[in-house]
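Survey of secondary and tertiary structure
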Amino acid sequence: KGALALVRSGALYTDPATGDVWFHPWGGDPRIVGRNSKAGPGGDPTGDTAAWFEGSAAPNTGPGKLVVYNTAAGREISRTRQARSVADCSGVCGDHYPAGNGFLQVSAKRVVWNSRSGIYSHDVRTRKTTAFKTLKKRYLIDVHDQVKLLGERNPWHPVLTVPGRAEQRYTDLETHARLSSSGSYVLAVEAPTKGRH
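Structure report, in brief. The shown structure was predicted, so the numbers you read here are calculated from the model rather than taken from an experiment.

The rules behind these values
Residues numbered from 1 in each chain as written. Predicted model: local features only at pLDDT ≥ 70, side-chain atom pairs only at ≥ 80, totals over all residues. Heavy atoms only, no water. Buried < 20%, exposed > 50% of the residue type's maximum accessible area, 1.4 Å probe, protein only. Helix = DSSP H or I, 4+ residues; strand = E, 2+ residues; numbered from the N terminus. Pairing = 2+ DSSP bridges. Core = buried A, V, L, I, M, F, W, Y, C linked by side-chain atoms within 4.5 Å. Contact = heavy atoms within 4.5 Å. Axes fitted to C-alpha atoms, helices over the stretch in contact; angles between N-to-C directions.

**Topic: the pairing of strand β6 (residues 49-54)**
With six of six residues buried, β6 lies mostly within the body of the structure. Because side chains alternate across β6, one face comprises the buried residues T49, A51 and F53, and the other comprises A50, W52 and E54, equally buried. Judged from the two bridges that link them, strand β5 (residues 42-43) and β6 form a sheet pairing that is antiparallel. Within β6, the position partnered with G43 by the bridge is A50. The turn joining β5 and β6, which pair antiparallel and follow one another in sequence, is formed by five residues. Here β6 pairs with strand β7 (residues 64-70) via six bridges, running antiparallel. Residue pairing across strands places T49 opposite N70, the latter belonging to β7.

So, in structure tokens, the structure goes:
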């Protein structure tokens, strides 16, 4: 299974047979920019930053190297060893991770990914990675800069947190939800009524 990511200057995708990461600039010729990527790339659709993991023996657990790449300049920004790589979506993510992997946000400032054992944030400038803390009755669904979409348990529903605003609960929506690439919109499935979504 391959993965697809958009950036302002083109598209990135993985060849599932080889693990090569290809960059296809709009109006240009595609070229290989990475190798040995099991889960494929993530991208910033409003910028020129892409990211992927290389060399991870087990895509959902093992150590690998996080590559952050500038598609406009055609060069790596950083390559750092990580204890947990991004989750691939081999039949478990459904439509909620349309890129085919668990990258939640890629930007010139940070890369955020779901590894199935937790969600991690990598600061591109300092090259430090931290885990998002698990909250008591809540868990992180998606994030964009300071905007967070949380899942609340019992009853299950998403909660939107935006700095400077009151929390917004969506009791009529399921926790299978995502933020738009700008962080301005929430996309979610309506909670079942009479057995239907």
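We are not done yet, so read on.
**As for the nonpolar core**
Listed in full, the 12 residues of the largest apolar core are A39, A51, F53, L66, V68, V86, F103, V106, V111, W113, Y120 and V124. Going through the elements one at a time, β6, β7, β9 (103-106) and β10 (110-114) are the ones with two or more residues in this core. With sequence-adjacent residues up to four places away left out, V106 is seen in contact with G42, G43, D44, T49, A50, A51 and V111.

**Observations concerning the sheet that holds strand β11 (residues 119-123)**
Overall, antiparallel pairing links the four strands, which are arranged β9-β10-β11-β12 in an open sheet. This sheet does not close on itself; its edge strands, each paired only once, are β9 and β12 (128-131). For this sheet the average axis-to-axis angle between neighbouring strands, irrespective of direction, equals 15°. Examined bridge by bridge, β11 and β12 share four bridges and lie antiparallel to one another. Its bridge partner being in β12, D123 is matched across the sheet by K128.

**Comments concerning the environment of V112**
With respect to the helices and strands, the residue V112 is situated in strand β10. Here the alpha-carbon distance between V112 and F132, two residues 20 residues apart in the chain, equals 9.6 Å. The contacts of V112, once residues within four sequence positions are left out, are G102, F103, L104, Q105, I119, Y120, S121, F132 and V143.

**Remarks on the sheet that holds β7**
The four strands lie next to each other as β5-β6-β7-β8, forming an open sheet whose pairing is antiparallel. Of all strands in the sheet, those bounded by a partner on one side alone are β5 and β8 (75-82).

**Concerning the environment of F23**
Position of F23 among the secondary structure elements: in strand β3 (residues 21-25). Separated by 12 residues in the primary sequence, F23 and A11 place their C-alpha atoms 5.9 Å from one another. With near-sequence residues (within four places) excluded, F23 lies in contact with V7, S9, G10, A11, L12, D29, P30, R31, V33 and T71.

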